[in-house]
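So the chains spell out like this:
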Amino acid sequence: MENRELSCIIDLINEAYPDLAILDSLDVWLSAKFQPPIAFIQTQEVTERGNTLTSYKIISDAGIVLHHRKKKIGGQEVYEPISTEPLRQLFRRERYSYRGKTDGLFINIDNTTFRVRSDKKDRTEITFRFEYTIPIPRPQVEKINTFEIEEDWS
């Protein structure tokens, strides 16, 4: 499931920030071998439980880190913050729901969990919880197409 979640969040960031590069490799992110401005994203499944007889409800957390570009102003380097407004506007416009363009996964974002931390100069961290339902895979059952009827009316 995580690949579908990740592709959905990637689509979300691409829509909110069409010109921003996206990184989803934790190893590359931890090694800091990337060039800002960039968005690092990851998802983490929290829980999975039966929803109905035919579907599961998955609850996951999303983490997005917007890494700011450095700019020289008056001989000193300053970070140029990336606004969270495009993402907020997208959430409000879509009423905190979003359908991924890549594979059509439909997520509902819990707006009470939406957090923005901008206490670090070089980045802004955004976290939120979201949920979606997936169908329970049904086993393939061989259909019977021919019926043998015994006609013995004695």
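To be clear, the structure that these remarks concern was listed above.
Residues numbered from 1 in each chain as written. Predicted model: local features only at pLDDT ≥ 70, side-chain atom pairs only at ≥ 80, totals over all residues. Heavy atoms only, no water.

J.: Any chance you could break down the overall build of the protein chain for me, citing the residues and the numbers?
T.: A count of helical and extended segments in the protein chain gives three helices and eight strands. Listed by position from the N terminus, the elements making up the protein chain come as α-β-α-β-β-β-β-α-β-β-β. Here the C-alpha radius of gyration of the protein chain, 23 Å, is well above what a compact globule of 154 residues would show, namely 15 Å. Projected onto the principal axes, the alpha-carbon positions of the protein chain cover approximately 105 × 30 × 25 Å. Out of the 154 residues in the protein chain, the part that is buried amounts to 32%. Partitioning the intrachain contacts of the protein chain with sequence separation of at least 6 by distance along the chain shows that 56% fall at a separation of at least 24. Approximately 10700 Å² of the protein chain is accessible, and the part contributed by carbon and sulfur atoms is 49%. In the protein chain, 22 side chains carry a positive charge and 25 a negative one; their mean positions are 13 Å apart. (Helix = DSSP H or I, 4+ residues; strand = E, 2+ residues; numbered from the N terminus. Rg over C-alpha atoms; globule rule 2.2 N^0.38 Å. Buried < 20%, exposed > 50% of the residue type's maximum accessible area, 1.4 Å probe, protein only. Contact = heavy atoms within 4.5 Å. Areas by Shrake-Rupley, 256 points an atom, 1.4 Å probe, with all protein chains shown as cover. Lys, Arg positive; Asp, Glu negative; His and termini not counted. Charge placed at Lys NZ, Arg CZ, Asp CG, Glu CD.)

J.: Help me get a handle on unusual backbone geometry, residues and values and all.
T.: Cis geometry is adopted by the peptide bond preceding Pro 37, which originates at Pro 36 and carries an omega value of 5 degrees. Looking at the secondary structure, you find Pro 37 in the loop between α2 (26–31) and β2 (38–52). We note that Arg 95 has phi near 55 degrees; this positive angle belongs to a residue other than glycine. Arg 95 gets classed as exposed once you look at its relative accessible area, which sits at 71%. Backbone geometry at Tyr 96 places phi at a positive 60 degrees, although glycine is not the residue there.

J.: So what's going on with the side chain of Thr 124? Residues and values would help.
T.: Position of Thr 124 relative to the elements: it lies in strand β8 (residues 123–135). Looking at Thr 124, its side chain comes within polar contact range of the side chain of His 68, at 3.0 Å. Thr 124 has contacts with Ile 64, Val 65, Leu 66, His 68, Ile 82, Thr 84, Val 116, Arg 117 and Ser 118, leaving out every residue within four places of it along the chain. (Polar contact = N/O pair within 3.5 Å; in protein donor to acceptor, adjacent residues only side chain to side chain.)

J.: Just give me the short version of the sheet that holds β2, but keep the residues and values in it.
T.: Pairing is mixed in the open sheet, where six strands are placed in the order β1-β2-β3-β8-β7-β6. Each edge of the sheet is formed by a strand with only one pairing partner; in this case those strands are β1 (21–23) and β6 (97–99). Strand-to-strand twist in this sheet, taken as the mean axis angle between neighbours without regard to direction, amounts to 35 degrees. Two elements, β6 and strand β7 (residues 106–117), share three bridges in a ladder whose sense is antiparallel. The partner of Tyr 98 across the bridge, within β7, is Ile 107. (Pairing = 2+ DSSP bridges. Axes fitted to C-alpha atoms, helices over the stretch in contact; angles between N-to-C directions.)

J.: Quick rundown of the nonpolar core? Include the residues and the values.
T.: With 28 residues, the main nonpolar core has Ile 9, Ile 64, Leu 87, Ile 107 and Phe 128 as its most contacted residues. Going through the elements one at a time, α1 (2–16), β2, β3 (55–67), α3 (85–93), β7 and β8 are the ones with two or more residues in this core. When near neighbours in sequence (up to four residues on either side) are disregarded, Ile 9 contacts Ile 41, Thr 43, Ala 62, Ile 64, Ile 107, Phe 128 and Phe 130. One finds Phe 34, Ile 38, Phe 40 and Val 65 within the second-largest nonpolar core, a separate group that totals five residues. (Core = buried A, V, L, I, M, F, W, Y, C linked by side-chain atoms within 4.5 Å.)

J.: Tell me about the pattern of salt bridges, and name the residues and values.
T.: On inspection of all chains with the given rule, the structure shows 15 salt bridges. The partner of Arg 117 in a salt bridge is Glu 125, with the nearest N and O atoms 3.4 Å apart. A salt bridge links Arg 123 to Glu 125, with the shortest nitrogen-to-oxygen separation between them at 3.1 Å. Here Arg 123 matches Glu 125 in class, with each residue buried. Each of Arg 117, Asp 119, Lys 120, Asp 122, Arg 123 and Glu 125 takes part in salt bridges that share partners, so that together they form one network. (Salt bridge = Lys/Arg side-chain N within 4 Å of Asp/Glu carboxyl O.)

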